[in-house]
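Report on the structure
Read off the chains here:
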Amino acid sequence: MSFTDVLTITGGVIVVFYLLKLLWTCWYGLQEYFVSEIWKVDLRRYGQWAVVTGATSGIGKAYASELARRGLDVVLISRCGDKLQKVAKEIEDQYGQKTCTIQADFTDGHSIYPTIAKELQSLDIGILVNNVGMTYSDHFAYFLEIPDADQMTRMVLPGMVERGTGLIINISSQVGIHPQPLLSLYCASKIFVTYFSQCLHAEYKSKGITVQCVAPFMVSTNMTKNMKVNCLVKSTSGYVREALNTVGYSSYTSGCLSHALQVRDGRHSTQSHCQLLQYLCNISSSFLLSYRAWFSLYSCQIRSVCRPFSLKSYKTLQK
Ligand SMILES: NC(=O)c1ccc[n+]([C@@H]2O[C@H](COP(=O)([O-])OP(=O)(O)OC[C@H]3O[C@@H](n4cnc5c(N)ncnc54)[C@H](OP(=O)(O)O)[C@@H]3O)[C@@H](O)[C@H]2O)c1
């Protein structure tokens, strides 16, 4: 076998490898953001009740409403009783689902959990949305005051394992992937949520539990000073509708197509193929590599074809 043949085969193998990788990547992207729009997972299969923390505004409220719209009864947890009653009434009137409200401040430490556990014990909890989170741009917080997702999970997971089904959605953030100075604890707690979700998913998926980590960019809420919605900044309802569609398709998601396109890299994603920008990078790198492989192959062949012609004979031909 000649050197040219070896290069030809190597080039061919590289091209096929990258084309397959590209196809695989695109297939996952299509599934997560396009197929999921058509074939949605029926969320009622996880159980009758969904628990949402931080449910009176922003992303949490949107999750509570969307889950009710999809036929689940909802437990709403937040600090302010009046807001809880208002949101509960809105959901009951609009979707005809049952609601239950629990007033709790997650910065009060472990003292709140016995009360929450008592309220939840008689309910068939299928879904938990660990949404509550806070930045400290307008007030500072001690490490121990930062809400943790693991206590709520510890509370509902045993019941889910017993029933062999359940869905836990943990709201992380893209700042968990890209460290932000001056938001150190916020970033650190978000990467904790990301890793915690991914490990928990790996541990419990064989028991029928799905743990999904949702890592948004900008969503227009009180936390982001209700920024104007545009193609990069999503509305809460639009964002959550798309994010809930990805359940069953991905255990780590940016939540919506627009945010997936803004992801620079997916280092902390077990399913980095879910990041759309990566698709584009993969596509371009695949094409580049394919091009290089073909080019080396092609130039080898040209050289072997042209070998009889020296520069001298070329000049002679020109004459
Ligand atoms: N918005 C974004 O662009 C964005 C981006 C990435 C990640 N996230 C994440 O998404 C989650 C929700 O953010 P958001 O923007 O929707 O926030 P938000 O609009 O400020 O809503 C926060 C919700 O949590 C409740 N809450 C706040 N502190 C609480 C506490 N200590 N105990 C109990 N409830 C509390 C609030 O209700 P009460 O005031 O009635 O208690 C409210 O319902 C957070 O985990 C955040 O890190 C948001």
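Residues numbered from 1 in each chain as written. Predicted model: local features only at pLDDT ≥ 70, side-chain atom pairs only at ≥ 80, totals over all residues.

Points about the overall build of the chain
A tally of helices and strands in the chain yields 10 helices and seven strands. When each of the 319 residues of the chain is scored for burial, the buried share is 39%. Considering only contacts within the chain whose residues lie at least 6 apart along the sequence, 65% involve residues at least 24 apart. (Helix = DSSP H or I, 4+ residues; strand = E, 2+ residues; numbered from the N terminus. Buried ≥ 20, exposed ≤ 12 C-beta atoms within 10 Å, placed from the backbone. Contact = placed C-beta atoms within 7 Å.)

Here we look at the site of the ligand
The ligand sits among 29 residues. The nearest are Gly54, Gly58, Arg79, Gly133 and Thr221. The class makeup of the residues in the shell around the ligand is 13 nonpolar, 13 polar and three charged. (Near = placed C-beta within 6 Å. Nonpolar A, V, L, I, M, F, W, Y, C, P; charged D, E, K, R; others polar.)

Brief notes about the nonpolar core
Ranked by size, the top nonpolar core spans 55 residues in total, and within it Ala50, Val51, Val52, Ala64, Val74 and Leu76 carry the most contacts. At six residues, helix H2 (residues 58-69) tops the list of elements feeding residues into this core. If near-sequence neighbours (up to four positions away) are discounted, Val74 is found in contact with Ala50, Val52, Ala64, Leu67, Ala68, Ile91, Gln97 and Thr99. (Core = buried A, V, L, I, M, F, W, Y, C linked by C-beta atoms within 7 Å.)

Let's talk about the pairing of strand S2 (residues 73-78)
Counting buried residues in S2 gives six out of six residues, a clear majority hidden from the surface. Of the two faces of S2, both are covered, the one formed by Asp73, Val75 and Ile77 as well as the one formed by Val74, Leu76 and Ser78. Where strand S1 (residues 49-53) and S2 come together, five bridges link them in parallel fashion. Counterpart to Val51 in the pairing with S2 is Val75. (Pairing = 2+ DSSP bridges.)

Re the packing of H2 against helix H7 (residues 236-245)
When two helices pack together, you describe them by how their axes are tilted relative to each other and by the distance separating the axes. Put simply, H2 and H7 touch, their axes get as near as 9 Å, and they point 60 degrees apart. Comparing their axes, H7 and H2 come out oblique. Here the hand of the crossing between H2 and H7 comes out right-handed. Judged by residue contacts, Gly58, Ile59, Lys61, Ala62, Tyr63 and Glu66 of H2 engage Thr236, Ser237, Tyr239, Val240, Arg241 and Leu244 from H7. Per-class residue counts for the contact of H2 with H7 are six nonpolar, three polar and three charged. (Axes fitted to C-alpha atoms, helices over the stretch in contact; angles between N-to-C directions. Parallel < 35°, antiparallel > 145°, perpendicular 65-115°, else oblique. Left-handed = near helix turned anticlockwise from the far one by under 90°.)

Examining the packing of H2 against helix H3 (residues 81-95)
Relative to each other, H2 and H3 sit at 25 degrees, their axes nearing to 10 Å. The angle between the axes of H2 and H3 places the two elements in the roughly parallel class. Where H2 crosses over H3, the handedness of that crossing is right-handed. Contact residues: H2 offers Lys61, Ala64, Ser65, Ala68 and Arg69, while H3 offers Val87, Ile91 and Tyr95. The residue makeup of the contact of H2 with H3, split by class, is five nonpolar, one polar and two charged.

Considering the UniProt feature "transmembrane region" (unreviewed entry) in the chain
Here, UniProt's "transmembrane region" (unreviewed entry) annotation points to residues 6-30. Taken end to end, residues 6-30 has its terminal C-alpha atoms 36 Å apart, with 100% of it in helix and 0% in strand. (UniProt positions renumbered as here; feature names shortened; annotations may be inferred.)

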